[in-house]
Amino acid sequence: MCITSRVLQTLAPSNFSSTVMQHYLMLAASFQRSLKLTAPLIRSFSTRSVLLNGVPNARPSPKDHAVKDPKVLAKRAQAKKAKQKQSPSLHPLYMEVPTAMRYMRAAEVGQPAKKTTVSIQLTVLPEKGSTPLQGKIFFPKAIKDNKAIVFTSDEDVRAKLFALDERILVGGSDLVEQIQSGAVDVSKFNQSYATPEMVAFLRPIARVLGPKGLMPTAKRGTVSEDIVSLIEENFGAFNFKQKGNLLSIPVARCDFSDEEVIRNIQAASEAVYACQPPGTKKPNLIGQCCLSSTLGPAVVIDFKN
């Protein structure tokens, strides 16, 4: 006799007849069988991380279902490359640049001109062992006005820089004192250069220039003996660098004319394709190019031609 039956028999009144007691015990036996049947079901719906029998109950990870077959992965990579090599005119979102700019300007209505940046996003498929795309672009129409501070004690260099561009502020120890006293607002400048003999004199204003990224250092390439050539190469240039599989470059603003936007895109195209020489063994595949604005949609354009 099972334990449950014994307990029920003990608790049952003494005046029960044998027939009633028999039904009573049958009910107890069926109740115990139901417990045995439902116990595994209750365990199977447990929310614990480990079941009672020690088997993990964790959900399967998506990585468990990831394709690991090299042949399948190679086919997918080839299909992706073939898609990126297609002519942009075959894409359903392809537009000519003047048509695309109409949508960009419509999306940026009411926004300040300086905040309506038009950018291109390039899809880059790097080969194994290839170097990321990086270089400089000299736009025919500058997106923002560059202003530079140059620290030098050479009078001849000062005269050359004064004649080079009026947006370049040149000075020596006197300029350091003006910045330290607050007479010169460095927040209006976005570039800074110095000759080696002036680096030691910049320590008093390091806390002023440093947070704004204007502290000249040899590591950043903003300290040089030939400061004039350095400024001619970098002043007005935009530095770009590939990040992952994307290359984003601001090329215009919505208040630019269509011709100015096209010329800037052509300059960006020449710089991007020139940054990897023709004889490169493992060149990066430059694929689809999208043109978009700050609030506008993204459309596909022909970046190469």
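What counts and how
Sequence order as written defines residue numbering, which begins from 1 separately in each chain. Only residues with pLDDT of at least 70 are given local features in this predicted model, and only at 80 or more are side-chain atom pairs given and counted; all residues enter the totals for whole chains, interfaces and linings. Water and hydrogen atoms play no part in the side-chain values, which are based on all heavy atoms of the structure. UniProt positions are given in the numbering used here, feature names are shortened, and annotations may be inferred rather than shown by experiment. Strands were regarded as paired on the criterion that DSSP finds at least two bridges between them. Helix and strand definitions here come from DSSP, where helices need a minimum of 4 consecutive H or I residues and strands a minimum of 2 consecutive E residues; each element is numbered from the N-terminal end. Axis geometry follows a simple rule: fit a line to the C-alpha atoms, using only the stretch in contact for helices, then measure angles between N-to-C directions, giving values from 0 to 180 degrees. Contacts were defined at the residue level, with two residues in contact if any of their heavy atoms lie within 4.5 Å. Two N or O atoms form a polar contact when they lie within 3.5 Å of each other; inside protein one atom must be a possible hydrogen donor and the other a possible acceptor, and for residues adjacent in sequence the pair counts only when both atoms belong to side chains. The aromatic pairing rule takes the rings of Phe, Tyr and Trp, using the six-membered ring of Trp, and pairs them if the centres are within 6.5 Å, calling planes under 30 degrees apart stacked, those over 60 edge-to-face and the rest tilted. Categorising residues by exposure relies on relative accessible area from a 1.4 Å probe, with only protein chains included: less than 20% of the type maximum marks a residue as buried, more than 50% marks it as exposed, and the intermediate range marks it as partly exposed. The rule is short: NZ of Lys or CZ of Arg within 6 Å of the ring centre and within 35 degrees of the ring normal puts a charge over the ring. An angle counts as roughly parallel when it lies under 35 degrees, as roughly antiparallel when it exceeds 145, as roughly perpendicular when it falls between 65 and 115, and as oblique in every other case. Handedness of each helix crossing follows the sense of rotation of the near helix against the far helix: counterclockwise by less than a right angle gives left-handed, clockwise gives right-handed. Note on residue categories: nonpolar means Ala, Val, Leu, Ile, Met, Phe, Trp, Tyr, Cys or Pro, charged means Asp, Glu, Lys or Arg, and polar means any other residue, Gly included. Any residue with relative accessible area above 30% and no salt bridge may belong to a patch, with like charges joined within 9 Å and the nonpolar Val, Leu, Ile, Met, Phe, Trp and Tyr side chains within 5 Å. Per-residue and other accessible areas were derived by the Shrake-Rupley procedure at a 1.4 Å probe size, with only the shown protein chains allowed to occlude residues. We define a salt bridge as a contact between a side-chain nitrogen of Lys or Arg and a carboxyl oxygen of Asp or Glu at a distance within 4 Å. His is not counted, nor are the chain ends; Lys and Arg add positive charge and Asp and Glu add negative charge. Lys charges are placed at NZ, Arg charges at CZ, Asp charges at CG and Glu charges at CD. What the arc measures is the spread of directions leading from the helix axis to the C-beta atoms.

The name given to the chain in an unreviewed UniProt entry is Ribosomal protein, and the organism recorded there is Clavispora lusitaniae. In its Sequence similarities (unreviewed entry) section, the UniProt entry covering the chain states "Belongs to the universal ribosomal protein uL1 family."

Caption draft 1: A look at the sheet that holds strand 4 (residues 168-171). Here we have three strands laid out as an open sheet, ordered 4-3-5, and parallel in their pairing. The open sheet is flanked by strand 4 and strand 5 (191-194), the only strands paired with a single partner. Neighbouring strand axes in the sheet, compared pairwise and without regard to direction, differ in orientation by 15° on average. Where strand 3 (residues 148-151) meets strand 4, four bridges bridge the pair, whose relative direction is parallel. Along strand 4, the bridge assignment pairs Phe 151 with Gly 171. Strand contacts of helix 6 (residues 173-181): strand 3 and strand 4, with the helix running at about 130° to strand 3, the strand carrying the most contacts. Running over the sheet, helix 8 (residues 227-234) touches strand 3, strand 4 and strand 5 and is turned about 160° from strand 5.

Caption draft 2: Here's a closer look at the sheet that holds strand 9 (residues 299-301). One open sheet holds the four strands; their spatial order is 7-1-8-9, and the pairing between them is antiparallel. The sheet is open, and its two borders are formed by strand 7 (246-253) and strand 9, each paired with just one other strand. Strand-to-strand twist across the sheet, computed as the mean angle between neighbouring axes with direction ignored, equals 30°. Two elements, strand 8 (residues 285-293) and strand 9, share three bridges in a ladder whose sense is antiparallel. Among the inter-strand pairings, Cys 289 is bridged to a residue of strand 9, identified as Ile 301.

Caption draft 3: Region of interest: the side chain of Ser 192. Examined against the element boundaries, Ser 192 turns out to sit in strand 5. Only 2.8 Å separates the side chain of Ser 192 from the backbone oxygen of Leu 214, close enough to count as a polar contact. In this structure Ser 192 touches Ile 149, Phe 151, Leu 214, Pro 216 and Thr 222, once residues within four positions along its chain are discounted.

Caption draft 4: Layout of the packing of aromatic side chains. For the structure shown, the criterion picks out two aromatic pairs. Ring geometry for Phe 139 and Phe 238: centres 6.3 Å apart, planes at 40°, overall tilted. Within this pair, whereas Phe 139 is found in the loop between strand 2 (134-138) and strand 3, its partner Phe 238 is found in strand 6 (residues 237-241), the two being separated by 99 residues in sequence. The class of Phe 139 is buried, set by a relative accessible area of 12%. Given the relative accessible area of 25%, Phe 238 is considered partly exposed. Its guanidinium or amino end placed over the ring of Phe 256, Lys 141 lies 5.4 Å from that ring's centre, counting from NZ or CZ.

Caption draft 5: Representation of the packing of helix 5 (residues 155-164) against helix 8. Interhelical geometry of helix 5 versus helix 8 gives an angle of 20° and a closest axis separation of 10 Å. Classified by the interaxial angle, the pair formed by helix 5 and helix 8 is roughly parallel. For the element pair helix 5 and helix 8, the recorded crossing hand is right-handed. Seen from helix 5, the contacting residues are Val 157, Lys 160, Leu 161 and Leu 164; seen from helix 8, they are Ile 227, Val 228, Ile 231 and Glu 232. For the contact of helix 5 with helix 8, a count of residues per class yields six nonpolar, no polar and two charged.

Caption draft 6: Layout of a negative patch on the surface. Taken together, the side chains of Asp 154, Asp 156, Glu 197, Glu 225, Asp 226, Glu 232 and Glu 233 make up a negatively charged region of the molecular surface. Note that Glu 197 resides in the loop between strand 5 and helix 7 (206-209).

Caption draft 7: Region of interest: helix 6. Along helix 6, the residues classified as buried are Leu 175, Val 176 and Ile 179. Angular distribution of buried residues about the axis of helix 6 spans 105°; they occupy a single face of the element. Opposite the buried face of helix 6, by more than 90 degrees, sit the exposed residues Glu 177, Gln 180 and Ser 181. Close packing links the buried residues of helix 6 with strand 3, strand 4 and helix 7. Downstream of helix 6 by one or two residues, Gly 182 has phi in the positive range, about 90°.

Caption draft 8: Quick peek at the packing of helix 4 (residues 97-107) against helix 9 (residues 258-274). Axis separation between helix 4 and helix 9 bottoms out at 10 Å; the angle between their running directions is 115°. Considering their axes alone, helix 4 and helix 9 lie roughly perpendicular with respect to each other. Considering how the two elements wind past one another, helix 4 and helix 9 form a crossing that is right-handed. Contacts between helix 4 and helix 9 pair Val 97, Pro 98, Met 101 and Arg 105 from the former with Asp 258, Val 261, Ile 262 and Ile 265 from the latter. Taken together, the residues of the contact of helix 4 with helix 9 break down into six nonpolar, no polar and two charged.

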